Protein chains: 2
Amino acid sequence: MNNLSAPPSLAPLFTDILAAAARIAPHAHTTPVLRSRAIDALAGCELHFKCENLQRGGAFKFRGACNAVFSLAEDEVARGIVTQSSGNHGGAIALAASLRGGRATVVAPHNTPKIKLAAIRAYGAEIVACEPDQASRDAMTAQVLAQTGGVLVHPFNDPRVIAGQGTATLELLGSAPDLDAVIAPVSGGGLLSGTAIAAHGLNPAIEVFGAEPEGARDAHDSLRAGQRITGRKADTICDGLRAELGTLTFPILSEHLRDILLVDDAQVVAAMRLIWERMKLVVEPSGAVPLAAVLAHRERFAGRRVGLVVSGGNVDLDLVADLFASKPV
Amino acid sequence: MNNLSAPPSLAPLFTDILAAAARIAPHAHTTPVLRSRAIDALAGCELHFKCENLQRGGAFKFRGACNAVFSLAEDEVARGIVTQSSGNHGGAIALAASLRGGRATVVAPHNTPKIKLAAIRAYGAEIVACEPDQASRDAMTAQVLAQTGGVLVHPFNDPRVIAGQGTATLELLGSAPDLDAVIAPVSGGGLLSGTAIAAHGLNPAIEVFGAEPEGARDAHDSLRAGQRITGRKADTICDGLRAELGTLTFPILSEHLRDILLVDDAQVVAAMRLIWERMKLVVEPSGAVPLAAVLAHRERFAGRRVGLVVSGGNVDLDLVADLFASKPV
């Protein structure tokens, strides 16, 4: 369905991120920026962790969802909000819709983890199951939109969502204004696009990096190729980073990024364990990817001040020990 | 050894806690006070979590150790600092001594977890092994003191340590001034004594509660009996809460406490899992005891504003899944 992947409008401006910050302030947490002397010593640089695992819903996703939902006109809310998501965005839309007093429908693959479906239902949204491939998701989403007359809030290819995600970096640079670089994980590119626009709006000299698993390196390869590479099958433990860049996020990242840094899954697990053990924070694999990138590319950051967006902490505790056991640090 | 259990001086005053806050400010973290709407809904009250798991060394213990070590005269530091500890206090003293440029010796039972011994050594302290009972600890500590001429900093029966631990509650009430009650875990009683003196110094109307595992209920029973009950064998997963009240802490708690609330280990594991899952924080069993107490004694706190001291986050990740698996929520 072309209408789902086409950009609904132009890239958001820095002023859109400022407006988003004001819009979501009554609803979203200002998350802490934490530090660790022990990890600084290991990394050889000064790290500032923006803890979006402590955001409502356990991930940055609530920022973008909240900004999009509260940007809608009353009559749009009344039509119902529709999205597609196998993860944190679905729960975030469900929560934002309930705060706005609206109704949401989430199109989710039938193999979505039960814990995530439970979160979506707990916020009062309806779930419509589809097959776990992009074509089925798009087809089912189009069908729901046609049947309900609802409005779509795409997980990342939406300027309101991107602007909302950028508010995390406004806060990060408010706490640590002298950063030399900022690193965020990249999947569809919504978080990283917002991060880049926010950082460069405050300071054009900051270097913005993406961090991406080797097994889902479409963003890395797309930026080098100068065009979006799509249709690959992702193979990584980072369940939040398996999407492909969108038509809206690709040009934003092409304009702003210094580079995308690749890490393998063993490096992600090691970084995740470091954050759990040394910082006492529960982070999901995707959330540890920026630290993994710093540790894997130490020479690029030696002695510098680096901000890391810890994207989320939604992980099944029953699976964690197996993960740590299978990939010892 | 009487000299190890006798009070080295009177209970600290509220002004000693204010002085401690200024003394440790260059070294200790001001830890965040975090909230969770989901846990509030489960508990039926408004909870404010003071996150000492995010303190240096992963526990509140650094506050008391830092205040004691930086209270010493230069010639005392030169003699060397001696303590006895099977846990977080040993690491905290080692860290504080290294920051002061001094030398520390930690008397530790030979069955102390390797991870805690490694932390003590990493901060440059010497470890002297003893048998895992209080008589052996006291005898070996006295021997080390006699041989080295060092100065003792007891883990809890020391007014400088108690004053340091109280600084966490100064910060908690600075963030949340309208609390009706504060709950901290109780073991030797240093943290809870400091908590009580700080809370009542700021607001005499605040109710201060201890929270204690059923399997180590000496503080609960001592306060009811009107005298210290000693010599029992503790049986609880809360490895930080197995000590007995000291001669200095018992009268402080007798004066200040509203009550001590008991919880069983299954309730502790359930509360711990809630904090990990809903708040994305790594807490050790001892650190989850105050939340377990709220959930087990819901009627006492219904609709009230309650501060909880999350005491620490030092837990072996390899053991966690087993813990959660054996005690499902």
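Position numbers for residues start from 1 in each chain and track the written sequence from start to end. Ligands are numbered from 1 and chains lettered from A, in the order in which they are written. Reporting in this predicted model follows two pLDDT cut-offs: at least 70 for local features of residues, and 80 or more for side-chain atom pairs to be given and counted; totals over whole chains, interfaces and linings ignore these cut-offs and use all residues. Excluded from the side-chain calculations are hydrogens and water; all other atoms, namely the structure's heavy atoms, are used.

Our next topic: the interface of chain A and chain B. Where the parts come together, the accessible area they lose is often given as the size of the interface. Two residues form a contact once any of their heavy atoms are found within 4.5 Å. With 21 residues of chain A in contact, the opposing surface of chain B contributes 21 residues. Summed over both partners, buried area is the accessible surface (1.4 Å probe) that two parts give up on being assembled. Of the roughly 1,900 Å² buried between chain A and chain B, counting both surfaces, carbon and sulfur atoms make up 60%. For the chain A face of the interface with chain B, the top three residues by lost area are Arg37(A), Lys280(A) and Leu317(A), together amounting to 35%. Any pair of nitrogen or oxygen atoms within 3.5 Å is treated as a polar contact; in protein, a donor-acceptor pairing is required on top of that, and neighbouring residues in sequence qualify only through side-chain atoms on both sides. At the boundary of chain A with chain B, the tally comes to six residue pairs in polar contact (both at pLDDT 80 or more).

Residues and elements named next belong to chain A. Spatially, 1-2-10-7-8-9 is the arrangement adopted by the six strands of the open sheet, whose pairing is mixed. The strands lining the two open edges of the sheet, one partner per strand, are strand 1 (33-34) and strand 9 (259-263). Both strand 2 (residues 46-51) and strand 10 (residues 305-310) contribute to a ladder of six bridges, which runs parallel. If you follow Lys50 over to strand 10, its bridge partner there is Val309. Whenever a helix is involved, its axis is fitted only over the stretch in contact; in every case the axis is a line through C-alpha atoms, and angles between N-to-C directions fall within 0 to 180 degrees. In this description a helix means any DSSP run of H or I spanning at least four residues, a strand means any run of E spanning at least two, and both kinds are numbered starting from the N terminus. Packing of helix 9 (residues 159-175) onto the sheet brings it into contact with strand 1, strand 2, strand 7 (181-185) and strand 10, and relative to strand 2 it is tilted by some 140 degrees. On top of the sheet, helix 11 (residues 218-225) reaches strand 8 (207-213) and strand 9; it is set at about 145 degrees to strand 9, its chief contact. Here the rule is simple: two strands pair whenever DSSP picks up at least two bridges between them.

The next thing to look at is the pairing of strand 4 (residues 104-109) of chain B. Every regular strand shows the same layout, with side chains that alternate between the two sheet faces. All names here are of chain B. A 1.4 Å probe rolled over the protein chains alone gives each residue an accessible area, and that area as a share of the maximum for its type sets the label: buried under 20%, exposed over 50%, partly exposed in between. In terms of burial, strand 4 is a largely internal element, six of the six residues being buried. Judged by which residues are buried, strand 4 turns out to be covered on both faces: Ala104, Val106 and Ala108 on one side and Thr105, Val107 and Pro109 on the other are all buried. Where strand 3 (residues 81-84) meets strand 4, four bridges bridge the pair, whose relative direction is parallel. Residue pairing across strands places Val82 opposite Thr105, the latter belonging to strand 4. Assessed by its sense of winding, the connection that carries the chain from strand 3 through helix 6 (residues 88-100) to strand 4 is right-handed. Pairing geometry for strand 4 and strand 5 (residues 126-130), over five bridges, is parallel. With strands facing away from the observer, any crossover in which the path from the first strand over the helix to the second runs clockwise is taken as right-handed.

All names here are of chain A. Viewed as axis vectors pointing N to C, helix 4 (residues 61-71) and helix 9 meet at an angle of 130 degrees, and their least axial separation amounts to 7 Å. For the element pair helix 4 / helix 9, the angle class is oblique. Crossing angle aside, the handedness with which helix 4 passes helix 9 is right-handed. Touching Lys61, Arg63, Gly64, Asn67, Ala68 and Ser71 of helix 4 are Arg160, Val161, Ala163, Gly164, Gln165, Thr167, Ala168 and Glu171, all from helix 9. Each residue receives one of three labels: charged for Asp, Glu, Lys and Arg, nonpolar for Ala, Val, Leu, Ile, Met, Phe, Trp, Tyr, Cys and Pro, and polar for the others, Gly being one of them. Across the contact of helix 4 with helix 9, the residue classes break down as four nonpolar, six polar and four charged. Roughly parallel covers angles under 35 degrees, roughly antiparallel covers those over 145, roughly perpendicular covers 65 to 115, and oblique covers all other angles. Whether a crossing is left-handed or right-handed is set by the direction in which the near helix is turned from the far one by less than a right angle, anticlockwise for left-handed and clockwise for right-handed.

Bringing the packing of helix 2 (residues 14-24) of chain A against helix 4 of chain A into the picture now. All names here are of chain A. Viewed as axis vectors pointing N to C, helix 2 and helix 4 meet at an angle of 85 degrees, and their least axial separation amounts to 9 Å. Our classification of the angle between helix 2 and helix 4 gives roughly perpendicular. Here Ala20, Arg23 and Ile24 of helix 2 lie close against helix 4, whose contacting residues are Arg63, Cys66, Asn67, Phe70 and Ser71.

This paragraph deals with the UniProt feature "domain: Tryptophan synthase beta chain-like PALP" (unreviewed entry) in chain A. Under the feature "domain: Tryptophan synthase beta chain-like PALP" (unreviewed entry), the UniProt entry names residues 25-312 of chain A. Helix makes up 48% of residues 25-312 of chain A and strand 17%. Its end C-alpha atoms lie 19 Å apart. UniProt positions are given in the numbering used here, feature names are shortened, and annotations may be inferred rather than shown by experiment.

We now examine the sheet that holds strand 5 of chain B. Residues and elements named next belong to chain B. Taken in spatial order, the four strands make up an open sheet running 5-4-3-6, and their pairing is parallel. The open sheet has two edge strands, strand 5 and strand 6 (151-152), and neither has a second partner. Sheet topology places strand 3 next to strand 6; two bridges connect them, and they run parallel. Following the sheet pairing, Ile81 is matched in strand 6 by Val151.

As a further point, take the domain arrangement of chain A. All names here are of chain A. These domain boundaries are the output of an automatic or database domain assignment. Domains assigned within chain A are domain 1 (2-59 + 158-326) and domain 2 (62-152). Measuring from the centre of the C-alpha atoms in domain 1 to the corresponding centre in domain 2 gives 23 Å. In this complex, domain 1 contributes 26 residues to the contact, which on the side of domain 2 involves 20 residues. In this assembly, domain 1 packs against domain 2 so that about 1,900 Å² is buried in total across both faces, 57% of it on carbon and sulfur atoms. Take a side-chain nitrogen of Lys or Arg and a carboxyl oxygen of Asp or Glu: if they are within 4 Å of each other, that pair is a salt bridge. At the junction of domain 1 with domain 2, the criterion picks out three salt bridges. At the junction of domain 1 with domain 2, the criterion picks out 10 residue pairs in polar contact (both at pLDDT 80 or more). Secondary-structure elements contributing two or more residues to the side of domain 1 that touches domain 2 are helix 2 and helix 9. Sort the elements by how many residues they give to the side of domain 1 that touches domain 2 and helix 9 lands first, with eight residues.

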